[in-house]
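Here is how the chains run, residue by residue.
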Amino acid sequence: MIGWLLPHGPARKALGLILTAAAILLFLINLRPAGERAGRATERLDALERNDAIHRQMLDAAARRPPDRDALAERLRDGRF
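Rules behind the numbers
The residue numbering used here restarts from 1 in each chain and proceeds along that chain's sequence as written. Predicted model: local features are reported for residues with pLDDT of at least 70 only, side-chain atom pairs are reported and counted for 80 or more only, and whole-chain, interface and lining totals are derived from all residues. The side-chain quantities take in all heavy atoms of the structure and omit both hydrogens and water. By definition, no residue in a patch forms a salt bridge, and every one has over 30% relative accessible area; like charges are joined within 9 Å, nonpolar side chains (Val, Leu, Ile, Met, Phe, Trp, Tyr) within 5 Å. Per-residue accessibility takes into account occlusion by the displayed protein chains alone, with areas from the Shrake-Rupley method and a 1.4 Å probe. For this document, the term salt bridge refers to a Lys or Arg side-chain nitrogen within 4 Å of an Asp or Glu carboxyl oxygen. When charges are counted, Lys and Arg contribute as positive and Asp and Glu as negative, whereas His and the chain ends are disregarded. The atoms used to mark charge sites are NZ of Lys, CZ of Arg, CG of Asp and CD of Glu. Note on conventions: DSSP H or I runs of at least 4 residues are helices, E runs of at least 2 residues are strands, and numbering of each starts at the N terminus.

Our focus in this paragraph is a negative patch on the surface. Where like charges cluster on the molecular surface, the negative patch consists of E43, D46, E49 and D52. Here E43 shows up in helix α1 (residues 10–63).

A surface patch of nonpolar side chains, about 400 Å² in accessible area, is lined by I24, F27, L28 and L31. Along the chain, the position of L28 falls in helix α1.

The next point concerns the pattern of salt bridges. All chains considered together, the criterion is met by two salt bridges. Between E36 and R32 there is a salt bridge whose closest N-O contact spans 3.2 Å. Here E36 pairs with R32, and both are found in helix α1, just four residues apart, close to one helical turn.

And the structure:
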């Protein structure tokens, strides 16, 4: 019933090729924003990992600190600071 609306023969093949090319073009156009989003996510993850590493270093340093002034003075006298 709808067959009379669709072209026949070479026109049908040309329409199929045009639609396929349009679908591929739209797919390629969509790749760039997706790649940019992935790049930004990678940058955020790298920054988060750097911040976590720095935070761990600060916590390690705080865990090794002398508990009071006398311990700090003793440590300085022994040259273990």
